[in-house]
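A look at the structure
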Amino acid sequence: MLDFVNKWKHKIAHYIDVRLQLMKLSIIERVSNVLSYFIFAFITLFLGVAILVFLGISIGEALSSLVDSRALGYLMTTGIYVLLFVVLILCRTAITNKFAGVFITMLTHIDDEEKDDKDEHHNNPA
């Protein structure tokens, strides 16, 4: 009888160890997905700022030649940027909700194996 208990004790310990390893891997996967998204967002932000700077210079120069005043051309460009900033502030709730949705989806995504385990447990509550 003691041999039977030791055998099951070893199997249960092994099962718990495998489940813990699986949970660690799942956490690592989710954290790596979030970090990769942050890195992508940072690179996109960096390139977006560079594009906005050069676009602002280009628009400023174009408007300067139209109004024959460099200062007025750049002032008009600044007005365009201020208008874009105001639109961004007005849309902040929608933007933050979109990003929150992306992060929630990334963090709560159920893998196929986890889904199968949950379905199996749900169908056989034992």
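Residues numbered from 1 in each chain as written. Predicted model: local features only at pLDDT ≥ 70, side-chain atom pairs only at ≥ 80, totals over all residues. Heavy atoms only, no water.

Observations regarding the overall build of the chain
From N to C terminus, the chain includes 4 helices and 0 strands. Going from N to C terminus, the chain has its helices and strands arranged as α-α-α-α. Considering the chain as a whole, with its 126 residues, one finds that 8% of them fall into the buried category. Accessible surface, the chain as shown: approximately 10,800 Å² in total, 73% of it carbon and sulfur. (Helix = DSSP H or I, 4+ residues; strand = E, 2+ residues; numbered from the N terminus. Buried < 20%, exposed > 50% of the residue type's maximum accessible area, 1.4 Å probe, protein only. Areas by Shrake-Rupley, 256 points an atom, 1.4 Å probe, with all protein chains shown as cover.)

As for the packing of helix 1 (residues 2-67) against helix 3 (residues 92-108)
The N-to-C vectors of helix 1 and helix 3 enclose an angle of 150 degrees; their axes lie 8 Å apart at closest approach. Compared by their axis directions, helix 1 and helix 3 come out roughly antiparallel. In this structure, helix 1 crosses over helix 3, and the sense of that crossing is right-handed. Contact residues: helix 1 offers Arg30, Asn33, Val34, Tyr37 and Phe38, while helix 3 offers Phe99, Val102, Phe103, Met106, Leu107 and Thr108. Residues that form the contact of helix 1 with helix 3 fall into these classes: 8 nonpolar, 2 polar and 1 charged. (Axes fitted to C-alpha atoms, helices over the stretch in contact; angles between N-to-C directions. Parallel < 35°, antiparallel > 145°, perpendicular 65-115°, else oblique. Left-handed = near helix turned anticlockwise from the far one by under 90°. Contact = heavy atoms within 4.5 Å. Nonpolar A, V, L, I, M, F, W, Y, C, P; charged D, E, K, R; others polar.)

Considering the packing of helix 1 against helix 2 (residues 70-90)
Contact pair helix 1 / helix 2: the axes reach a minimum separation of 7 Å and the direction vectors enclose 135 degrees. The orientation of helix 1 with respect to helix 2, classified from their angle, is oblique. Between helix 1 and helix 2 the crossing geometry is right-handed. Here helix 1 contributes Leu52, Val53, Leu55, Gly56, Ile57, Ile59, Gly60, Glu61, Leu63, Ser64 and Val67 to the contact with helix 2, which in turn contributes Arg70, Leu72, Gly73, Tyr74, Met76, Thr77, Ile80 and Tyr81. Here the contact of helix 1 with helix 2 is composed, by residue class, of 12 nonpolar, 5 polar and 2 charged.

Section: the confidence of the model for the chain
On average, the chain scores 86 in pLDDT, and the residues at 70 or more come to 86%. Averaged pLDDT values over the elements of the chain bottom out at 60 in helix 4 (residues 112-123) and peak at 95 in helix 2. (pLDDT = per-residue confidence, 0-100.)

Remarks on the pattern of salt bridges
Within this structure, the stated rule accounts for 1 salt bridge. The partner of arginine 70 in a salt bridge is glutamate 61, with the nearest N and O atoms 2.9 Å apart. A residue is classified by how much of its surface remains accessible, and arginine 70, at 54% relative accessible area, is exposed. On the accessibility criterion, glutamate 61 (32% relative accessible area) is partly exposed. (Salt bridge = Lys/Arg side-chain N within 4 Å of Asp/Glu carboxyl O.)

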